[in-house]
Amino acid sequence: MVWPIAEVARMSGVTARTLRHYDEIDLLPPAGIGSNGHRRYGEGELLRLQQILVLRALGLGLPEIGRILAAQVDEVKALRGHHRRLLAERDRIDALADTVSRTITELEESRKDGGPMTAINRPENLFEGVRPAQYGESLRDFPELAEEIGRHTSTMSEAQIEAGHRERTAQMIRLAELLAAGVPAGADPVQAEIEAQHRALTALRRVSAEEYRAIGRSCVENEQWRAAYESIAPGLAAYQRDAIEAYAANRLS
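Rules behind the numbers
- Every chain is numbered independently, its residues counted from 1 as its sequence is written.
- At least 70 in pLDDT is required for a residue's local features to be given in this predicted model, at least 80 for side-chain atom pairs to be given and counted, and no such filter applies to totals for whole chains, interfaces and linings, which use all residues.
- In computing side-chain properties, one takes all heavy atoms of the structure into account and sets aside hydrogens as well as water.
- Numbering of helices and strands runs from the N terminus, with a helix taken as a DSSP run of H or I at least four residues long and a strand as a DSSP run of E at least two residues long.
- Each residue is placed in one exposure class: buried if its accessible area under a 1.4 Å probe, protein chains only, is under 20% of its type's maximum, exposed if it is over 50%, and partly exposed if it falls in between.
- Any two residues having at least one pair of non-hydrogen atoms within 4.5 Å are treated as being in contact.
- Two strands make a pair as long as DSSP finds a minimum of two bridges between them.
- What counts as a ring pair is set by centres within 6.5 Å for rings of Phe, Tyr and Trp (its six-membered ring), and what kind of pair is set by the plane angle: stacked under 30 degrees, edge-to-face over 60, tilted for all other angles.

Draft legend 1. Just the environment of Val8, in detail. Within the secondary structure layout, Val8 lies in helix α1 (residues 5-12). The buried category is assigned to Val8, whose relative accessible area is 1%. Counting along the chain gives 11 residues from Val8 to Leu19, while the straight-line C-alpha distance between them is 8.8 Å. When residues no more than four places from it in sequence are discounted, the contact partners of Val8 are Trp3, Gly13, Leu19, Tyr41, Leu46 and Leu49.

Draft legend 2. Seen up close, unusual backbone geometry. The phi dihedral of Asp26 falls on the positive side, at around 65 degrees, and the residue is not glycine. By the secondary structure assignment, Asp26 is in the loop between α2 (16-24) and β2 (32-33). Asp26 gets classed as exposed once you look at its relative accessible area, which sits at 56%.

Draft legend 3. Focus on the sheet that holds β2. Taken in spatial order, the 3 strands line up as β1-β3-β2 in an open sheet, and their pairing is antiparallel. In this open sheet, the two strands that pair with only one neighbour each are β1 (3-4) and β2. In the sheet, β2 pairs with strand β3 (residues 39-41) via 2 bridges, with the strands oriented antiparallel. Residue pairing for β3: Gly32 is matched across the bridge by Arg40.

Draft legend 4. Here's a closer look at the packing of aromatic side chains. The final tally for this structure, using the stated rule, is 1 aromatic pair. Pairing Tyr212 with Tyr247 gives two aromatic rings, centres 6.1 Å apart and planes at 80 degrees, and the pair type is edge-to-face. With a gap of 35 residues between them, Tyr212 in helix α11 (residues 209-221) and Tyr247 in helix α13 (residues 236-251) connect regions that are remote in the sequence. Here Tyr212 matches Tyr247 in class, with each residue buried.

Coordinates in, geometry out; function isn't part of it.
In structure tokens form, the structure reads like this:
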């Protein structure tokens with residue numbers, strides 16, 4: 001049985017443009033080309049696509065994924081290895097998120113008691129290897145932006161990708177600190193963080209005020225995205241949304 005590219009895109013959430021790109025770099029050639037010129041994919045290609053997406057979720061770049069897939073011999077053995085990595089990633093994120101959650105609680109308690117505020121540990125040590133918001137999945141409602149991010153990261157080394165994850169985590173931690181301190185979402189320190197996020201996006205492609213607002217709403221409406229923020233601190237997803245809304249209203253209108 002074979003499936004047309006549009007059906008594979010629907011099933012996997014990967015855009016047809018991305019699938020064509022995977023073919024162009026010989027990462028995922030189709031099973032064949034139909035008489036209409038459209039790519040068609042069989043079960044083997046779907047299984048390979050699953051592996052690609054799993055490895056992308058683990059933070060690997062496309063060149064590294066290509067080397068891994070080229071070297072593997074036993075498909076089941078490879079999938080078991082991917083499964084172990086996913087479980088380890090889950091356990092690491094759960095443990096580290098618990099640590100940050102406890103720190104947020106301590107900050108809130110110190111505010112209630114009138115004691116001095118203590119800083120949350122920085123993610124350089126606290127969040128080693130964490131990938132809190134898998135952007136390919138979280139940006140599914142923004143395919144063009146997700147595509148640009150995918151193309152950008154495909155040219156990056158694993159170390160560069162890891163550095164990007166660290167910085168995104170650091171941004172989330174800084175916002176959590178501001179939230180715990182009771183700083184309004186529209187205040188200057190929060191808006192400075194949002195401006196940095198906006199600059200990072202617009203370095204890839206133009207993002208309109210309305211699209212940026214939609215991205216902010218997705219922090220709450222997208223289940224995976226919301227879970228990533230809420231694992232850092234309760235209410236952080238809505239805080240990010242409100243901060244983006246304030247930024248769009250005051251600086252992009």
